Amino acid sequence: MSYIDPATLQQEAIKLYSELKQKESELKNKERTAIPQQEMPAQDPNKRIKNMSEVTYGYTAEQAYVEAMRCIQCKNAPCVNGCPVGINIPEFVKSIQKGDYQESVDIIKQNSLLPAICGRVCPQEVQCQETCTVGKVLKDKNLSVAIGRLERFVADWEQEHGKQSVPKIKPETGKKVAIVGSGPAGITVAADVRREGHTVVMFEAFHKPGGVIVYGIPEFRMPKRIVDIEMKTLEKMGVEIRTNFLVGRTRKLEDLIEKDGFDAVFVGTGAGLPRFMNIEGENLVGVFSANEYLTRANLMKAYDRQKADTPIFQAKKIAVLGGGNVAMDAARMARRIGAEKVYIVYRRTEVEMPARIEEVAHAKEEGIEFHLLKNAKRILGDDKGCVIGMECISYELGEPDDSGRRRPVIIEGSETVLDVDTVIVAIGNDSNPLIRQTTKDLVTNKWGNIIVDENCKTSIDRIYAGGDIVLGAATVILAMGQGRTAAKSINSLLASR
Ligand SMILES: Cc1cc2nc3c(=O)[nH]c(=O)nc-3n(C[C@H](O)[C@H](O)[C@H](O)COP(=O)(O)OP(=O)(O)OC[C@H]3O[C@@H](n4cnc5c(N)ncnc54)[C@H](O)[C@@H]3O)c2cc1C
């Protein structure tokens, strides 16, 4: 994939748009699958590494129409089964073909509350697009109908045209529900429970609500104005959001029920505890967890050195350890903060990388260098305790492990030193431990994730949980899916009380 400027993409789309409009009604499936997949217009890589604005612009109306026309409306619709929340994909795509964007977004919202967010960050290539018939016909799942881009198109259209309505609230019931954590899981529960007329109070540890989509995923991939709109909608629905409130410290979880009179509680506290390598030199100055680095940059605006309360020092050469989307976000943020060289160091190959293909392509366009089949052995420091390099060891791939990916095997004696002054560790996250440590009867598994039943109910009566705190570090759409299940359970519990 090489960069094509948005004007060229739009010219091609306009041409196709007028051709397709003329034969719209008699288009055969063969002709539909022959329509080229519409590239996502994006900022010029040389310009975007100097700003924080969103990298992708989103489809124009012509591009959306052309892409939607690639859908053959197959009867078995395998894409719907591939979607964790079962969105009626053929129907919303058909509405785009007709030009009825409001109808399209309304169809999506029957199953997913946050389409502008999911359209941007869902890993569609391993969900709805993986099973798309068009991709199968073309024998390349990367050529499936670009369902995520179409979802984003109609969701953005709705936000830009001010048609986003505040959901109707049933008459007040006088019952109170506490939501702990304001990420996608908490947002979903808050909306679904409030709609039933219950009082909802959301408690958030940080000074800004939104969870990882605010403090973790960078502005250039997930503009914060979109999350702000969702949070404002919740407030318009009457949800009270209390920030700087750390449940487990400010108030114990059980106190919310026993002392504060909440009838039910949902815990959606996420997986915010970074894992480290446990190697020599990891506590040197200049070693960050990706969580710290991204939170400082996104939430505390650390890149704005003149104004930020906690600016990040100017690093020149940065190694990022890991190959997932957190690693890509950290590397691309480091580039924007001004590092001259940014290296991704990953112990397998690009094929095994969990990051999305699009993110890897964007990172490469932005000049990030990939050191594959390598890992850190120790981090080297000077006499002031600052990072001056990283000793790496090389790997080769062996037999597949439990995850099905080929196991990386160390090549003895292959040590080399990478010249860096900063190391960002992005090798995964565990669940936040505070609530587990401060709630006596809450049952968790060996990784510290809360154990729930199929209704998202925990071991404690009237306490429910979902999202990353249950699943381990997962995805936005899975967190939302669990939020939906938990809200349904809470609503039926309160209906019977
Ligand atoms: C850098 C990064 C990039 C990612 N990229 C993607 C992506 O592209 N696509 C994708 O689908 N997923 C991505 N993810 C994962 C995704 O963001 C998470 O799976 C999702 O946000 C989980 O939602 P959640 O509601 O369970 O928790 P979170 O979003 O983590 O929200 C939990 C909230 O609870 C608050 N909290 C924690 N403890 C307490 C407490 N004791 N009291 C009060 N509040 C508390 C936290 O401050 C936080 O705001 C990414 C994650 C990271 C870190």
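Everything discussed here concerns the structure shown above.
Structural notes, computed from the coordinates. (Residues numbered from 1 in each chain as written. Predicted model: local features only at pLDDT ≥ 70, side-chain atom pairs only at ≥ 80, totals over all residues. Heavy atoms only, no water.)

Focus on a nonpolar patch on the surface
Now for step 1: On the surface, Val 137, Leu 138 and Leu 143 cluster together into a nonpolar patch covering about 210 Å² of accessible area.
Now for step 2: Structurally, Val 137 can be placed in helix H9 (residues 133–137).
Now for step 3: Judged by relative accessible area, which is 46%, Val 137 ranks as partly exposed. (Patch = residues over 30% accessible without salt bridge, like charges linked within 9 Å, V, L, I, M, F, W, Y side chains within 5 Å. Areas by Shrake-Rupley, 256 points an atom, 1.4 Å probe, with all protein chains shown as cover. Salt bridge = Lys/Arg side-chain N within 4 Å of Asp/Glu carboxyl O. Helix = DSSP H or I, 4+ residues; strand = E, 2+ residues; numbered from the N terminus. Buried < 20%, exposed > 50% of the residue type's maximum accessible area, 1.4 Å probe, protein only.)

Section: the side chain of Asn 491
Now for step 1: With respect to the helices, strands and loops of the structure, Asn 491 is situated in helix H20 (residues 476–495).
Now for step 2: The contacts of Asn 491, once residues within four sequence positions are left out, are Asp 192, Val 193, Glu 196 and His 198. (Contact = heavy atoms within 4.5 Å.)

A short note on the sheet that holds strand E6 (residues 287–289)
Now for step 1: Pairing is parallel in the open sheet, where five strands are placed in the order E6-E14-E7-E8-E9. Edge strands, defined here as strands with exactly one partner in the open sheet, are E6 and strand E9 (369–372). Across the sheet, the axes of successive neighbouring strands diverge by a mean angle of 20°, strand direction being ignored.
Now for step 2: Pairing of strand E7 (residues 317–321) with strand E8 (residues 341–346), which is carried by five bridges, proceeds in the parallel orientation. Across the sheet, the residue bridging to Ala 319 is Tyr 343, located in E8. (Pairing = 2+ DSSP bridges. Axes fitted to C-alpha atoms, helices over the stretch in contact; angles between N-to-C directions.)

Focus on helix H13 (residues 224–236)
Now for step 1: Compared with an ideal rise of 1.5 Å per residue, which puts 13 residues at 18 Å, H13 spans 18 Å between its outermost C-alpha atoms and is within 8% of the ideal.
Now for step 2: Of the residues flanking the end of H13, it is Gly 238, one or two places downstream, whose phi is positive at about 100°. (Expected span 1.5 Å × (residues − 1).)

Some points on the site of the ligand
Now for step 1: Taken together, the neighbourhood of the ligand is formed by 35 residues, with Val 121, Glu 204, Arg 221, Val 247 and Asp 468 sitting nearest.
Now for step 2: One of the side-chain nitrogen or oxygen atoms of Arg 221 is found 2.8 Å away from an oxygen atom of the ligand.
Now for step 3: Isolated, the ligand exposes 1,000 Å² of accessible area, and the fraction of that covered by the protein chains is 95%.
Now for step 4: Taken together, the elements giving at least two residues each to the shell around the ligand come down to helix H11 (184–195), helix H12 (212–215), helix H16 (325–337) and H20.
Now for step 5: Among the elements that line the shell around the ligand, the one with the most residues is H16, at three residues.
Now for step 6: The residues that make up the shell around the ligand include at least three from each of domain 2 (176–272 + 431–495) and domain 3 (274–429). (Near = heavy atom within 4 Å. Polar contact = N/O pair within 3.5 Å; in protein donor to acceptor, adjacent residues only side chain to side chain. Domains from an automatic or database assignment.)

With respect to the sheet that holds strand E1 (residues 176–180)
Now for step 1: Taken in spatial order, the five strands of this open sheet run E3-E2-E1-E4-E16, and their pairing is parallel. Both edges of this open sheet fall to strand E3 (240–242) and strand E16 (463–465), since each of them pairs with a single strand only. In this sheet, adjacent strand axes meet at a mean angle of 20° when their direction is disregarded.
Now for step 2: Bridge analysis of E1 against strand E2 (residues 199–203) gives five bridges, and the strand direction is parallel. The partner of Lys 176 across the bridge, within E2, is Thr 199.

Quick word on the pattern of salt bridges
Now for step 1: A complete count under the given rule lists 38 salt bridges for this structure.
Now for step 2: When the shortest N-O distance is used, the salt bridge between Glu 366 and Arg 48 registers 2.6 Å. Here Arg 48 lies in helix H3 (residues 45–48) and Glu 366 lies in the loop between helix H17 (357–365) and E9, a separation of 318 residues in the sequence.
Now for step 3: According to the relative accessible area criterion, Glu 366 is buried, its value standing at 1%.
Now for step 4: Counted as one network, the salt bridges with shared partners bring together Arg 48, Arg 332, Arg 336, Glu 365 and Glu 366.

What to know about the pairing of E9
Successive side chains on a regular strand alternate, one facing one side of the sheet and the next facing the other.
Now for step 1: For E8 and E9, the ladder comprises four bridges, and the chain directions are parallel. Residue pairing in the sheet places Ile 344 in a bridge with Phe 370 of E9.
Now for step 2: Assessed by its sense of winding, the connection that carries the chain from E8 through H17 to E9 is right-handed. (Right-handed = clockwise from strand over helix to strand, strands pointing away.)

Section: helix H1 (residues 6–23)
Now for step 1: Here H1 spans 26 Å end to end across 18 residues, near enough to the 26 Å set by a 1.5 Å rise per residue.
Now for step 2: Listed in full, the buried residues belonging to H1 are Leu 9, Gln 10, Ala 13, Leu 16 and Leu 20. All buried residues of H1 fall inside an arc of 130° around its axis, so they share one side. Away from its buried face by more than 90 degrees, H1 exposes Gln 11, Lys 15 and Gln 22.
Now for step 3: Packed against the buried residues of H1 are helix H4 (61–68). (Arc of directions from axis to C-beta.)

Remarks on the packing of aromatic side chains
Now for step 1: Going through the model one piece at a time under the given rule, you end up with eight aromatic pairs.
Now for step 2: Aromatic pair Phe 203 and Phe 262: ring centres 5.9 Å apart, planes at 80°, arrangement edge-to-face. Separated by 59 residues along the polypeptide, Phe 203 in strand E2 and Phe 262 in the loop between helix H14 (253–258) and strand E4 (264–267) bring together distant segments of the chain. Assigned by exposure class, Phe 203 and Phe 262 land together as buried. (Phe/Tyr/Trp six-rings, centres within 6.5 Å; stacked < 30°, edge-to-face > 60°.)

A word on the nonpolar core
Now for step 1: With 72 residues, the main nonpolar core has Ile 89, Phe 92, Ile 117, Leu 150, Met 202, Leu 234 and Ile 490 as its most contacted residues.
Now for step 2: At eight residues, the largest contribution of residues to this core is made by H20.
Now for step 3: Per-domain counts for this core show at least three residues from each of domain 1 (6–160) and domain 2 (176–272 + 431–495).
Now for step 4: Counting 33 residues, the second-largest nonpolar core is a separate cluster that includes Met 52, Tyr 293, Leu 294 and Phe 370. (Core = buried A, V, L, I, M, F, W, Y, C linked by side-chain atoms within 4.5 Å.)

Points about unusual backbone geometry
Now for step 1: One non-glycine residue, Asn 278, adopts positive backbone phi at about 60°.
Now for step 2: For Leu 373, which is not a glycine, the phi torsion comes out positive at approximately 55°.
Now for step 3: Its location among the elements puts Leu 373 in the loop between E9 and strand E10 (374–381).

Some remarks on the environment of Thr 269
Now for step 1: Along the polypeptide, Thr 269 turns up in the loop between E4 and strand E5 (273–274).
Now for step 2: Considering only alpha carbons, one finds Thr 269 and Gly 466, 197 residues apart in sequence, at a separation of 8.4 Å.
Now for step 3: Ignoring anything within four residues of it in the chain, the contact list for Thr 269 reads Val 180, Asn 432, Ile 435 and Ile 469.

Considerations on the pairing of E10
Now for step 1: The pairing of E10 with strand E11 (residues 387–400) spans seven bridges and is classified as antiparallel. Along E11, the bridge assignment pairs Arg 378 with Glu 391.
Now for step 2: In this antiparallel pair of consecutive strands, E10 and E11, the connection spans five residues, and Gly 385 shows a positive phi of 85°.

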